[in-house]
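What the coordinates show
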Amino acid sequence: MKTSRRARMRKRHYSRMHKAGGLNLVSLMDIFTILVFFLMVNSSDVKVMQNNADVALPTSTAKQEAVENLTVQISGQSILVQGREVATLDGIESTDTRIAGLSEELAYRRSRWDDVPEQGLEITIMAAKDTDYRLLRRIMQTCVDEQFRQVRLAVEAEVSNG
């Protein structure tokens, strides 16, 4: 049985109009390209160290960016390593040249390194600008004794107007 020309045209038209839809990958790739470009442009290279509001850092005009590494913070009456309290200022005797709790924590952190570089490990100390120098010296001495010899003091960048 032959089908008429008109019936064949309808069938062809129907099959063309009712094809299964497909996903347009070109548009999807364009969207992802734009998203990646946006994220790359808007990503920030600023290094931000965690700081509590109660530690007023001294200001500096240095242009060198901060390096993220192990952080010792003097906050109130506590000495913190990476936010964990390791010693209190009340427990430090005036004759002590080293701080016991800090020394133990740094020894533990150093033991996790396979090979300690000859110049020592890096550490950053965050202390308020009115911190007693003798306390700061004891903290630095404890760090050096535990092979954290690349000691940095955290400062706040001075804001320039102009």
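Scroll up a little and you will see the structure.
Since the model is a prediction, treat every value here as computed from it, not as a measurement. (Residues numbered from 1 in each chain as written. Predicted model: local features only at pLDDT ≥ 70, side-chain atom pairs only at ≥ 80, totals over all residues. Heavy atoms only, no water.)

1. Some points on the nonpolar core
Across soluble globular proteins, nonpolar side chains have a tendency to be buried as a group. Note the following rule: In this text, buried Ala, Val, Leu, Ile, Met, Phe, Trp, Tyr and Cys residues form a nonpolar core when linked through side-chain atoms within 4.5 Å. Using a 1.4 Å probe on the protein chains alone, a residue whose accessible area is under 20% of its type maximum counts as buried, one over 50% counts as exposed, and one in between counts as partly exposed. Helix and strand labels come from DSSP, where a helix needs a run of H or I of at least four residues and a strand needs a run of E of at least two; each type is numbered from the N terminus. Contacts are assigned to residue pairs that have any heavy atoms within 4.5 Å of one another.
Val-72, Ile-79, Ile-99, Leu-102 and Ile-139 are the most contacted members of the largest nonpolar core, which has 20 residues in total. Among the elements of the structure, strand S2 (70-75), strand S3 (78-81), strand S4 (84-88), helix H3 (100-111), strand S5 (122-126) and helix H4 (133-145) are those that each provide at least two residues to this core. Ranked by residue count, the leading element in this core is H4, at 4 residues. In this view, Val-72 contacts Ile-79, Leu-80, Val-81, Leu-102, Ile-123, Thr-124, Ile-125, Met-126 and Ile-139; residues no more than four positions away in its chain are not counted.

2. Regarding the sheet that holds strand S6 (residues 150-153)
As a reminder, the rule being used: The pairing criterion is simple: DSSP has to find at least two bridges between the two strands. Each axis is a line fitted through C-alpha atoms, taken for helices only over the stretch in contact, and angles between the N-to-C directions span 0 to 180 degrees.
Overall, mixed pairing links the 5 strands, which are arranged S4-S3-S2-S5-S6 in an open sheet. Looking along the sheet, the strands with just one partner apiece sit at the ends: S4 and S6. Neighbour-to-neighbour, the strand axes of this sheet turn through a mean angle of 25°, independent of strand direction. The pairing of S2 with S3 spans 4 bridges and is classified as antiparallel.

3. Brief notes about the pairing of S6
For clarity, the cut-off: Orienting the strands away from the viewer, one traces the path from the first strand over the helix to the second; a clockwise path indicates a right-handed crossover.
Bridge count between S5 and S6: 4 bridges; the pairing is parallel. Paired with Thr-124 across the strands is Arg-152, a residue of S6. Traced from S5 through H4 to S6, the parallel crossover comes out right-handed.

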